[in-house]
Amino acid sequence: HSPWLSSQDDAEYRAFLKARRALRKLDDTVVKKALPLTGRHLTLMAEVIPAYDVFDAQILAVWTLAHAAIQRLGEILNGTALRRNIRRYSTPLGDFFAFFYFKNNKPKMAKVKQAPYAMISKNANPFAFQVLERFLQMFHNQSEPSDFLFPKVSKTGIIDRTCSLSTSAAVKSLRRLLSKCQVPTPDDYSGHSARRGGFLDRIHVPLGFTEVQGHWKPGSMTAQVEYDVLHIARRMQFF
């Protein structure tokens with residue numbers, strides 16, 4: 001009953017919320033989610049990247065880390081992750097990388113008690129371990145702890161350590177590589193694809209371990225509802 005509803009007026013703002021809830025029932029559009037980027041996709045990408053291609057070597061490392069550590073792409077790129085966020089350890093049980101995702105990201109209170117890192121071990125994930133090891137040798141032999149973990153790289157392989165690789169550039173390059181691998185509908189993969197694929201590839205892992213790796217809060221309904229997809233491979237186990 002008003003030309004404009006003011007958010008400053010409580011009654012008008014409640015009227016706006018009521019109208020929005022009513023109109024939402026008429027929205028029949030399908031919610032579009034990123035397709036999951038699985039470990040198989042990553043191995044296909046590795047096969048088509050030449051050994052001398054510095055640019056695509058970094059792109060592969062970005063998506064491999066996001067998949068292995070079940071991270072959001074925004075927690076890795078755009079200057080968020082630095083060289084000191086990832087560290088290699090050697091133990092009697094085997095070598096592993098630890099990615100400290102809380103270094104530059106303030107955690108929610110529900111997540112403070114969890115281990116503040118994701119683990120990529122040589123025994124459990126040799127592919128990801130090898131990709132990250134090669135990437136660090138190529139890019140960070142002479143770098144400082146405060147340097148961007150994923151710096152900007154030109155197509156000719158020139159590394160610019162004053163800038164960070166952007167999420168848009170990483171997504172664009174991912175789609176190009178998927179297209180090169182003849183993966184259908186490459187444009188349906190986006191920044192959340194690696195996190196979603198990393199979860200699905202670890203359906204066999206106890207959910208508590210997965211929640212810590214991807215820093216969901218314990219008993220997270222988001223992890224169970226939004227990421228747990230009944231895809232064909234799982235359904236074929238029963239039907």
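As the structure is a computational prediction, the values presented were derived from the model and not from experiment.

Definitions and limits used
- Here the residue numbers are simple positions, counted from 1 along each chain's written sequence.
- Confidence filtering applies because this is a predicted model: local features only for residues at pLDDT of at least 70, side-chain atom pairs given and counted only at 80 or more, and all residues used for totals across whole chains, interfaces and linings.
- The side-chain quantities take in all heavy atoms of the structure and omit both hydrogens and water.
- Where helices and strands are cited, they refer to DSSP runs of H or I of at least four residues and of E of at least two residues respectively, numbered from the N terminus.
- Where accessible areas are quoted, they stem from the Shrake-Rupley method and a 1.4 Å probe; at the residue level, only the protein chains shown are allowed to cover.
- Lines fitted to the C-alpha atoms define the axes, with helices restricted to the stretch that makes contact. Angles between their N-to-C directions range from 0 to 180 degrees.
- Note on angle classes: values under 35 degrees are labelled roughly parallel, values over 145 roughly antiparallel, values of 65 to 115 roughly perpendicular, and the remainder oblique.
- Helix crossings are classified by the rotation of the near helix relative to the far one: an anticlockwise turn of less than a right angle makes the crossing left-handed, while a clockwise turn makes it right-handed.
- In this analysis, two residues are considered to be in contact whenever any of their non-hydrogen atoms come within 4.5 Å of each other.
- Any residue outside Ala, Val, Leu, Ile, Met, Phe, Trp, Tyr, Cys, Pro, Asp, Glu, Lys and Arg is labelled polar, Gly included; the first ten of those are nonpolar and the last four are charged.
- Expected helix span is taken as 1.5 Å per residue step, with the number of steps being one fewer than the number of residues.
- Per-residue accessibility, obtained with a 1.4 Å probe over protein chains only, is compared with the maximum for each type, and a residue is labelled buried under 20%, exposed over 50%, and partly exposed between these values.
- The arc in question is traced by the directions running from the helix axis to the C-beta atoms.
- Should a side-chain nitrogen of Lys or Arg be within 4 Å of a carboxyl oxygen of Asp or Glu, the pair is scored as a salt bridge.
- For two strands to be treated as a pair, DSSP must find no fewer than two bridges joining them.

(A) A look at the overall build of the chain. Secondary structure assignment for the chain yields nine helices and five strands. Ordered by position in the sequence, the α and β elements of the chain form the string α-α-α-β-β-β-α-β-β-α-α-α-α-α. Accessible area for the chain stands at about 14,400 Å²; split by element, carbon and sulfur atoms hold 57% of it.

(B) Inspection of the packing of helix H3 (residues 54-68) against helix H6 (residues 193-200) at higher detail. In contact at an axis separation of 7 Å, H3 and H6 are set at 45° when each is read in the N-to-C sense. By the angle between their directions, the pair H3 and H6 is classed as oblique. Regarding H3 and H6, the two cross each other, and that crossing is right-handed. Residues Trp63, Ala66 and His67 of H3 pack against Ala194, Arg195, Gly197 and Gly198 of H6. For the contact of H3 with H6, the class distribution of residues is three nonpolar, three polar and one charged.

(C) Inspection of helix H4 (residues 126-139) at higher detail. Over its 14 residues, H4 runs 20 Å from end to end, which matches the ideal 20 Å to within 8%, given 1.5 Å per residue. What H4 keeps buried is the set Ala128, Phe129, Val131, Leu132, Phe135, Leu136 and Phe139. The buried residues of H4 all sit within an arc of 165° when viewed along its axis, so they share a single face. Against H3, strand S1 (86-91), strand S2 (94-99), strand S3 (118-121), strand S4 (151-153) and strand S5 (159-164) lie the buried residues of H4.

(D) Quick peek at H6. With eight of eight residues buried, H6 is to be regarded as a mostly interior element. For H6, every residue scored as buried is listed here: Ser193, Ala194, Arg195, Arg196, Gly197, Gly198, Phe199 and Leu200.

(E) Local environment of the pattern of salt bridges. Applying the stated criterion across every chain, the model contains four salt bridges. Note that Arg72 is salt-bridged to Glu75, the shortest N-O span being 2.9 Å. Notably, a salt bridge pairs Arg88 with Glu133, separated by 2.1 Å at the nearest N-O pair. Note that Arg88 is positioned in strand S1 and Glu133 in helix H4, a separation of 45 residues in sequence. Take Arg88: its relative accessible area is 37%, and that puts it in the partly exposed class. We classify Glu133 as partly exposed; its relative accessible area is 23%. One connected set of salt bridges, linked through shared partners, spans Arg88, Asp95 and Glu133.

(F) Spotlight on the pairing of S2. Taking burial as the measure, the six residues of S2 include six buried ones, the bulk of the element. Burial along S2 is two-sided: Gly94, Phe96 and Ala98 facing one way and Asp95, Phe97 and Phe99 facing the other are all buried. Pairing of S1 with S2 involves six bridges; the strand directions are antiparallel. Bridged to Thr91 within S2 is Gly94. A loop of two residues connects S1 with S2, the two strands running antiparallel in sequence. In the sheet, S2 pairs with S3 via four bridges, with the strands oriented antiparallel. The residue of S3 that forms the bridge with Phe97 is Ile120.

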